[in-house]
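Now for the letters of each chain:
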Amino acid sequence: MEVLIPAERIQTRVAELASEIARDYAGTPVTVVGILTGCLVFTADLIRHINLPLRVAFVTASSYRGMVTLPGKLEIRDELLPDITGRHILLLDDILDTGKTLTRVVAHLIDKGAASVKVGVLLRKMGRQEVPFEPDYVGFTIPDKFVVGYGLDFNDEYRHLPYVGVLPSAG
Ligand code: XMP
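Keep in mind that this is a model prediction, so the values were computed, not measured.

## Some words on the sheet that holds strand β1 (residues 2-5)
Pairing between the strands of a sheet is mediated by backbone hydrogen bonds and can be parallel or antiparallel. Reading across the sheet, the three strands line up as β1-β9-β8 and stay open at both edges, with antiparallel pairing between neighbours. A single partner strand is all that each edge strand has here, and the edge strands are β1 and β8 (147-148). In terms of strand pairing, β1 meets strand β9 (residues 164-166) through three bridges, oriented antiparallel. Bridged to I5 within β9 is V164.

## Some remarks on unusual backbone geometry
Most peptide bonds take the trans form, and the phi angle of most residues other than glycine is negative. L36 connects to T37 through a cis peptide bond whose omega is 0°. Summarising the element assignment, T37 is placed in the loop between β2 (30-36) and α2 (40-47). With a phi close to 45°, A26 is a non-glycine residue in the positive phi region. We note that Y150 has phi near 50°; this positive angle belongs to a residue other than glycine. If you trace the backbone, Y150 turns up in the loop between β8 and β9.

## Structural notes on the nonpolar core
Counting 27 residues, the largest nonpolar core has L46, L90, L122 and L123 as its most contacted members. Listing elements by their share of this core, those giving two or more residues are α1 (7-25), β2, α2, β5 (88-96), β6 (116-125), β7 (137-142) and β9. When residues in this core are grouped by element, the largest group, seven residues, is from α1. Those residues within four positions of L90 in sequence are excluded, and the remaining contacts are I21, Y25, V30, T31, V32, V33, I50, K118, V119, G120 and Y137. In this structure, I35, A57, L74 and L96 belong to the second largest nonpolar core, which totals 22 residues.

## With respect to the packing of aromatic side chains
Applying the stated rule across the entire model yields one aromatic pair. The interplanar angle of 75° and the centroid separation of 6.1 Å between the aromatic rings of F146 and F154 together place this pair among those described as edge-to-face. For F154, a relative accessible area of 36% gives the class partly exposed.

## Some points on the packing of α1 against α2
Packing of α1 against α2 brings their axes to within 9 Å, and their N-to-C directions diverge by 60°. Relative to α2, the element α1 is oriented oblique. The two elements α1 and α2 meet at a crossing, and its hand is right-handed. For the pair formed by α1 and α2, the contact residues are Q11, V14, L17, A18 and I21 on the first element and F42, D45 and L46 on the second. Classifying every residue of the contact of α1 with α2 by side-chain character gives six nonpolar, one polar and one charged.

## With respect to the site of the ligand
Around the ligand, the surrounding shell holds 15 residues, and the nearest of these are T98, G99, T101, V147 and D153. Backbone polar atom of G99 to an oxygen atom of the ligand: 2.9 Å apart, as the coordinates give it. D153 is positioned with one of its backbone polar atoms (N or O) 2.8 Å from an oxygen atom of the ligand. Here the ligand has 510 Å² of accessible area as a free molecule, and 86% of this is covered by the chains.

## A word on helix α3 (residues 100-111)
In this model α3 runs 17 Å from its N-terminal to its C-terminal C-alpha over 12 residues, within 8% of the 16 Å that 1.5 Å per residue would give. Restricting attention to buried positions, one finds in α3 the residues L102, V105, V106 and L109. Buried residues in α3, looked at end-on, bunch into an arc of 105°, giving them a common side. The secondary structure elements touched by the buried residues of α3 are β2, β3 (54-63), β4 (74-77), β5 and β6. Following α3 by one or two positions, G113 adopts a phi angle in the positive range, close to 100°.

The rules behind these values
Residues numbered from 1 in each chain as written. Predicted model: local features only at pLDDT ≥ 70, side-chain atom pairs only at ≥ 80, totals over all residues. Heavy atoms only, no water. Pairing = 2+ DSSP bridges. Helix = DSSP H or I, 4+ residues; strand = E, 2+ residues; numbered from the N terminus. Core = buried A, V, L, I, M, F, W, Y, C linked by side-chain atoms within 4.5 Å. Buried < 20%, exposed > 50% of the residue type's maximum accessible area, 1.4 Å probe, protein only. Contact = heavy atoms within 4.5 Å. Phe/Tyr/Trp six-rings, centres within 6.5 Å; stacked < 30°, edge-to-face > 60°. Axes fitted to C-alpha atoms, helices over the stretch in contact; angles between N-to-C directions. Parallel < 35°, antiparallel > 145°, perpendicular 65-115°, else oblique. Left-handed = near helix turned anticlockwise from the far one by under 90°. Nonpolar A, V, L, I, M, F, W, Y, C, P; charged D, E, K, R; others polar. Near = heavy atom within 4 Å. Polar contact = N/O pair within 3.5 Å; in protein donor to acceptor, adjacent residues only side chain to side chain. Areas by Shrake-Rupley, 256 points an atom, 1.4 Å probe, with all protein chains shown as cover. Expected span 1.5 Å × (residues − 1). Arc of directions from axis to C-beta.

If you want it as structure tokens, here you go:
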């Protein structure tokens, strides 16, 4: 496995992002919403550095890319989401690729009554975006390679790796 971002660099950057977030929200209570399952490790590490009144919730977003009847359709499930009416949301995802997932989930949260939605991603892939979308917080910009580790998977494996790596066969 080629290590793209070593564990120590991730930890340093996550702590930096948390300071930026705490500074920007300036004491305003925030609800962190993670998009499962890829957000898991990033969310767990980030929230432990954020010095704000904070709640944590999760949604799932599954895409059905490749299905003939539903091309590119995304299913958002929010059974794990409490009432977010009037709450300031910090939405977290592992990676911004085409931008479709985050665009849809942001719209969903606004629809649910969120007062504001900011977005943080650990990774942003270069040259892949298909819809205009600007995240508020980005950990690292990476080349267009399939990456795993630190929450990111291939066939649901490798999420537990403390670093971000490129699979030899998938890169
Ligand atoms: P979009 O294209 O909607 O999708 O921005 C973001 C989601 O696509 C998945 N994704 C990846 N997962 N390694 C992964 O393990 C990758 O390199 C990769 N690129 C995209 C991921 O689920 C993300 O939430």
